Amino acid sequence: MEDIPIAVLDGLLLMFTVKTFLFMMIGIVAGMFFGLVPGLSGLSGLGLLLPFAIGQPPEVAFPFLLGMFATTTQTDTIPAVLIGVPGTAAAQATVLDGYPMAKKGEAERALSASYLASILGSIVAAIIFIAFLPVLRPLIDEFAGPEFFMMAMLGLIMAGSLAGTSLLRGLTMAGFGLIISMVGFAPNTGFARFDFDWTYLIDGIPLVPVVLGMFAVPEVIDLLVSRSTIASQQSSSGGRMKGVADAFQNWWLIVKCGTIGTVCGMIPGLGGLVAEWLGYGHAVQSAKDSSQFGKGDVRGVIAPEAATAAQKPGGILPTVAFGIPGNGPMAIMLGVFLIVGLRPGPEMLRENLNITFLMVWVTVAANIIAAILAFGLQRWLVKICYIRATILAPIVLGFMIVGATLATRDFGDVLLFGIFGFLGYIFKHADWPRVPILIGMVLGNLAETYLFITVERYGIEWLWQRPIVLIIVIMIVLSFVVPAYRLYRRKQGEKILSGHTVKDDME
Amino acid sequence: MIWYRSITWWIGIVMIALTLIIMTESAGWSMGGKLFPWIIGSGVLITAGLHSILGIFQGVKLAEDEDEEAESEKLDLRRVLSVFIWVLAVLVAVPLVGLQIAVPVFVFLFMKLHGETLTLAAISALVIYGFIVFVLEDIIHVVFPQALIIQWIGF
């Protein structure tokens, strides 16, 4: 355990090396842009930056991508507060109180409170992360092929069952992601499969065109279709220091919401949106006087911002420890792990512990740097929210096509980008969740390798002879049963409610 | 029995068909080869099959209310089609004439034809051209695939 403080320090020092810091700063600036523009998101940004990270060493690739990803939730608050339009989905709850505050002339108070809440929320997550490691490491030593395979299945099933509105659709999509991962050389037998005699597919479907197509194209198309114009800018004068004081006064709320956010980040399938609403809900429930929520209560800004900021470092833990990404962006990160030659699991908690801590430090530092930049450049940054879709969308689409082609530098990338863009648009509007596909696709090869090793080594006895496997099986069953039971209860409730209303109407 | 279902329901059917193809294709492989496709395929058949069966008897429940959306979707359909045609055009143009030409031309034409000024459209196109040629090709030495037209002409 004595290596943990050394790795913590080593990770911190690594962040301040010139190349790492420079790439992190580029990532932060890009993330601020993606957070500001309503319609784009951290996932689109990650897809766009991913081709430029490939080929870089881990200590450059991760700060570059995480710097981008961690920052979107700082700047997405600016349009949420000033114009009532969340920059990303993770700022929806912030609108409820942030926008009324702006209408009352307290925009700067709301923004500065949110920046500080995000910083403190990410610090809470980092502390939880460090506290968890000594507990996690002996546990991970007990893991072998069967446990890792079952963890991959648990991650997929949880992601599938918690993402979107339908359990069956989510699970089907996770399976679809695994099917996509089967294209190309089989990891166990070495023969090419499902490649349609197209040499491009022999190495498998590359991640970049799929991510860009599936997640960024639908957003850009919707941006162009809506051609959203924003009516008027709200006053944003005064109240900066009051916002800072608000955040410090509500430090306990930040600690609680930071913990909620961290846990949400660790559970596959939850993510920023759930973290934010849980944080907001907790703030309302725990408040002695909740009458001002929705009308401009600063706690309604602080709580969701602390939760979303904490969710990001929280998502790193299952990704590095078990290779189970907590959400879509972490699935991309897991893809980067495999591309740069790192293997999640014990290796990341021992030999490469400094890289693990570098990732945590980057999410914290990115929040602090982005907050300082946003604080100083707020008046100019807000103008980005007003860029017309007809200017922004073609440029972003152009960069996306370039980015997609960088994957293998083959026109097959462009074709895949188009196919997955079309599929992504259909899936988005037909209410089929897309994140489980990504998680399935990234986990596919790992899961198949673990399954093969497990069956070869243990036959089928591992299913009932290994206690950790049994615990994971119980967790898998629960992850099926609990959402299904909740859905059943909700439907029953809706039936009772609608029956009552009809009866009332008849009377 | 209602045979027409929303696209959400039909996607489930496509998933079943795809899974059946995967499982049929892998049926003749060795145990090690077909193990994973069959385990995952069986799972997808169960979930997508249940989704389809429940969809027939209960209908498909969506996140948003379809009735409310229907009106705005009708209005947007032409825009959606127009955007898709633009995207399709640039995706076809990239292999044909090359990334370096297709992407800046797309940016310029799209902006110009959607009411942006000539100067702004030209600057945007030049910026993206500069990024591809000077940053990616000259500085980072990225080698993009040759345009099909160039290959056909024989250069």
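This text follows the structure it describes.
Residues numbered from 1 in each chain as written. Chains lettered and ligands numbered in written order. Predicted model: local features only at pLDDT ≥ 70, side-chain atom pairs only at ≥ 80, totals over all residues. Heavy atoms only, no water.

(A) Focus on the overall build of chain A. In terms of helices and strands, chain A carries 22 helices and two strands. The 507 residues of chain A split such that 62% are buried. Here the contacts in chain A between residues at least 6 apart in sequence split such that 80% fall between residues at least 24 apart. When the accessible surface of chain A is split by element, carbon and sulfur atoms take 67% of a total near 18700 Å². (Helix = DSSP H or I, 4+ residues; strand = E, 2+ residues; numbered from the N terminus. Buried < 20%, exposed > 50% of the residue type's maximum accessible area, 1.4 Å probe, protein only. Contact = heavy atoms within 4.5 Å. Areas by Shrake-Rupley, 256 points an atom, 1.4 Å probe, with all protein chains shown as cover.)

(B) Main features of the overall build of chain B. A tally of helices and strands in chain B yields six helices and zero strands. The N-to-C order of helical and strand elements in chain B reads α-α-α-α-α-α. A sequence separation of at least 24 residues applies to 55% of the contacts in chain B between residues at least 6 apart. Within the structure as shown, chain B displays about 9300 Å² of accessible surface, and the carbon and sulfur contribution to it stands at 71%.

(C) Main features of the interface of chain B and chain A. Taken together, the contacts link 59 residues of chain B with 58 residues of chain A. Counting every contact that joins chain B to chain A gives one salt bridge. Between Arg388(A) and Glu116(B) there is a salt bridge, and its shortest N-O distance comes to 2.7 Å. Scanning the region where chain B abuts chain A turns up eight residue pairs in polar contact (both at pLDDT 80 or more). Elements with a contribution of two residues or more to the side of chain B that touches chain A: helix 1 (7-26), helix 2 (31-58), helix 3 (66-97), helix 4 (99-113) and helix 5 (118-139) of chain B. It is helix 2 of chain B that contributes the most residues to the side of chain B that touches chain A, 14 residues altogether. Its residues assigned to classes, the side of chain B that touches chain A comprises 42 nonpolar, 12 polar and five charged. (Salt bridge = Lys/Arg side-chain N within 4 Å of Asp/Glu carboxyl O. Polar contact = N/O pair within 3.5 Å; in protein donor to acceptor, adjacent residues only side chain to side chain. Nonpolar A, V, L, I, M, F, W, Y, C, P; charged D, E, K, R; others polar.)

(D) Representation of unusual backbone geometry. Residue and element names in this part refer to chain A. With phi around 50 degrees, Phe194 is a residue other than glycine that occupies positive phi space. Note on placement: Phe194 falls in the loop between strand 2 (192-193) and helix 10 (207-226). Residues other than glycine seldom take positive phi values, yet Asp431 does so here, at roughly 65 degrees. Here Asp431 shows up in the loop between helix 19 (411-429) and helix 20 (435-458). By relative accessible area, which is 16% here, Asp431 ends up buried.

(E) Region of the structure containing empty space enclosed by the protein. All names here are of chain A. Under the definition given, this model contains one cavity of 30 Å³ or more. Here the largest cavity is characterised by a volume of approximately 30 Å³. For the largest cavity, the full set of lining residues is Phe148, Phe322, Gly323, Pro344, Leu446 and Tyr450. Here the residues of the lining of the largest cavity are counted per class, giving five nonpolar, one polar and no charged. (1 Å grid on protein atoms, 1.4 Å probe; cavity = no way out; pocket = protein on both sides within 12 Å on 5 of 7 lines; lining within 4 Å. Points joined across faces, edges and corners; volume = space filled by probe spheres on them.)

(F) Spatial organisation of the environment of Val244(A). Residue and element names in this part refer to chain A. On the secondary structure map, Val244 appears in helix 11 (residues 240-249). Sequence separation between Val244 and Leu111 is 133 residues, and the spatial gap between their C-alpha atoms is 9.2 Å. The contacts of Val244, once residues within four sequence positions are left out, are Ser112 and Leu116.

(G) Main features of a nonpolar patch on the surface. Residues and elements named next belong to chain B. Together, Val97, Ile101, Val105, Leu109, Leu113, Ile149, Trp152 and Ile153 make up a nonpolar patch on the protein surface, roughly 780 Å² of accessible area in all. For the nonpolar patch, the secondary-structure elements that each account for two or more residues are helix 4 and helix 6 (148-153). Looking at the element boundaries, Val97 is found in helix 3. (Patch = residues over 30% accessible without salt bridge, like charges linked within 9 Å, V, L, I, M, F, W, Y side chains within 5 Å.)

(H) Summary view of the packing of aromatic side chains. Using the criterion set out here, one finds 22 aromatic pairs over all chains in the structure. Ring centres of Phe52(A) and Phe131(B) lie 5.9 Å apart, and the angle between their planes is 70 degrees; on these two criteria the pair is classed as edge-to-face. In this pair, Phe52(A) sits in helix 3 (residues 42-53) while Phe131(B) sits in helix 5, so the two residues belong to two different chains. Looking at Phe131(B), the relative accessible area reads 18%, which means it is buried. Taken together, Phe52(A), Phe399(A) and Phe131(B) form an aromatic cluster joined through their ring pairs. In this arrangement the basic side chain of Lys312(A) is found over the ring face of Phe69(A), its NZ or CZ atom lying 4.4 Å from the centre. Positioned over the ring face of Tyr458(A) is Arg466(A), at 4.8 Å from the centre of the ring. (Phe/Tyr/Trp six-rings, centres within 6.5 Å; stacked < 30°, edge-to-face > 60°. Lys NZ or Arg CZ within 6 Å of the ring centre and 35° of its normal.)

(I) Examining the packing of helix 2 (residues 18-36) of chain A against helix 4 (residues 58-75) of chain A more closely. All names here are of chain A. Relative to each other, helix 2 and helix 4 sit at 30 degrees, their axes nearing to 6 Å. If you check the angle between helix 2 and helix 4, you find them roughly parallel. In this structure, helix 2 crosses over helix 4, and the sense of that crossing is right-handed. Residue composition of the contact of helix 2 with helix 4, by class: 12 nonpolar, eight polar and two charged. (Axes fitted to C-alpha atoms, helices over the stretch in contact; angles between N-to-C directions. Parallel < 35°, antiparallel > 145°, perpendicular 65-115°, else oblique. Left-handed = near helix turned anticlockwise from the far one by under 90°.)

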